Amino acid sequence: MKMAKEQMKARVGGFFKKWFSLPVLTIVAAGMGAAIGALMAFFGQVLQTVGGLRDAHPIYFIPGLALAGIAIVLAYKKWGKGAERGMGLIFSVGQGKESHIPLRLIPMVAVGTWLTHLFGGSAGREGVAVQIGGALGHNISKKLPFENASHIMLVAGMAAGFSGLFQIPMAATAFALEVLIVGHMDLMALLPAAVAAFTACKVSNMLGLEKFAVDLNGILSTDGGATVSGLFMNGGALDMNFVVKLALLGVLFGVIGGGFAKLLSLAKEFFAKKFPDGMKRIAIMGVTLSALFLLLWQGRYSGLGTNLIDMCFSGAGIADGSNIAGGIQSYDWILKFALTILTLAAGFQGGEVTPLFSIGASLGAVSAVMFGLPFPLAAALGYAAVFGSATNTLWAPILIGCEVFGFDCLPAFFVVCIAAYVCNGGQSIYNQKKLKLKF
């Protein structure tokens, strides 16, 4: 009799877990998304404040980059206890290689990123968003009695963090689903991830964090050009000349994005061998970077790179061979490229995504004449495609292009991002798992 009751209890429990796990996880993901959205609003607004403070007084803050780096290393040594692995830890847990993410990672990565930006380091912010979201999701999952809850909630947290910070929920969902394993969409987590992403986006927006968006068709029409979708058609038929131009532009973006990922990996290995002591490495490289940032127009290449992005979409036409799109210079993208790699290789906190947006937009504006394309369109395509090639993702950059620049632009982003994805050499700034295909 007792055995029969236990069997019945097990069957009821199994039925509940099978049919109620997804609804419960989705409801929990919505609440988690709201919390992450609030955290991202706070983090993003503080980041904007420290960035503005640095831009207003670069001569006072940029020389202190090495000291900020030393403080970051000391903090991780004293309180880190595994949190110093950052994105590497998130990916290891997401891929099932490890099973624990300490919550102390959240304040440490946030404060470390604020310090990096306040004192002029060239870094991003998505690393904070993904780490905070992933850490929170993973720890919430420990309270849930469902199979795969840890993985699903981690992916949902990643989507919520990315969406809350950038307010692009569809792209954030795609990014979280495809970034962990190359060539695989983690559809098991689709509904919780989407709900968490949309909730985080709404909450962060309600709390005052602004979204970056550009009416690309509006800019093109102001400059006397056609809409993006109109450029695809010539005499009522598909303009293959335009499609080929887009594909070739995508190849360029793929090479640059893949090159960034590869060189970042090599730079981290090189400087880790050159300066095995993390404190010494970040101090020496911090002093060098401070000098470079000050010499190169007092912080033009410090921080996220949003100043360069704004220039790409604020001007009209091309002034001369080097001054493009409202102040963009032909060398801006390569200097931002190099200084971001050096900042991250030194050990400063942040991420790569917003600098990649900046590098891609600047490169696109520079390349527009060569490919015979309107520079705002080329800049927008670079914004998304260089990110996609550096992260080895496809659907996320396509949706980023649509959510930031308008869904009428979908065909152009589709062509360019496919070409960039194919031509990135399989490189990624993240420690992605690769599936072994059998033929």
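Residues numbered from 1 in each chain as written. Predicted model: local features only at pLDDT ≥ 70, side-chain atom pairs only at ≥ 80, totals over all residues. Heavy atoms only, no water.

Engineer: Let's hear about the nonpolar core: which residues, and what values?
Structural biologist: Counting 144 residues, the largest nonpolar core has Phe162, Leu246, Phe253, Phe313, Leu381, Ile400 and Phe405 as its most contacted members. Look past the residues within four positions of Phe313 in its chain and what remains in contact with it is Phe212, Val214, Ile219, Pro376, Ala379, Ala380 and Phe405. (Core = buried A, V, L, I, M, F, W, Y, C linked by side-chain atoms within 4.5 Å. Buried < 20%, exposed > 50% of the residue type's maximum accessible area, 1.4 Å probe, protein only. Contact = heavy atoms within 4.5 Å.)

Engineer: Which residues make up the packing of aromatic side chains, and what values go with them?
Structural biologist: Applying the stated criterion across every chain yields a total of 22 aromatic pairs. Measuring from ring centre to ring centre gives 6.4 Å for Phe162 and Phe387, while their planes differ by 40°; the resulting arrangement is tilted. Placement of Phe162 in helix H7 (residues 149–166) and of Phe387 in helix H17 (residues 375–391) is noted, with a sequence separation of 225 residues between them. Note on accessibility: Phe162 and Phe387 belong to one class, buried. Geometrically, the ring pair formed by Trp297 and Tyr331 is stacked, given 5.7 Å between the ring centres and 15° between the ring planes. One end of the pair, Trp297, is in the loop between helix H13 (278–295) and helix H14 (306–312); the other, Tyr331, is in the loop between strand E5 (328–329) and helix H15 (332–346), with 34 residues separating them in the sequence. One aromatic cluster in this structure is built from Phe91, Phe162, Phe166, Phe175, Phe212, Phe313, Phe357, Tyr383, Phe387, Phe405, Phe413 and Tyr430. (Phe/Tyr/Trp six-rings, centres within 6.5 Å; stacked < 30°, edge-to-face > 60°. Helix = DSSP H or I, 4+ residues; strand = E, 2+ residues; numbered from the N terminus.)

Engineer: Describe the confidence of the model for the protein chain, and please don't skip the residues or the numbers.
Structural biologist: In the predicted model, the protein chain carries a mean pLDDT of 91, and the fraction of residues at 70 or more is 91%. Every residue in residues 316–323 is under pLDDT 50, and counting partners more than four places away or in other chains gives 13 contacts. (pLDDT = per-residue confidence, 0-100.)

Engineer: I'd like to hear about the packing of helix H12 (residues 240–274) against H15, residue by residue, with values.
Structural biologist: Viewed as axis vectors pointing N to C, H12 and H15 meet at an angle of 35°, and their least axial separation amounts to 9 Å. Here the hand of the crossing between H12 and H15 comes out right-handed. Along its contact with H12, which presents Ile256, Gly259, Phe260, Leu263, Leu264, Ala267, Lys268 and Phe271, the element H15 presents Trp333, Phe337, Thr340, Ile341, Leu342, Leu344 and Ala345. Taken together, the residues of the contact of H12 with H15 sort by class into 12 nonpolar, two polar and one charged. (Axes fitted to C-alpha atoms, helices over the stretch in contact; angles between N-to-C directions. Left-handed = near helix turned anticlockwise from the far one by under 90°. Nonpolar A, V, L, I, M, F, W, Y, C, P; charged D, E, K, R; others polar.)

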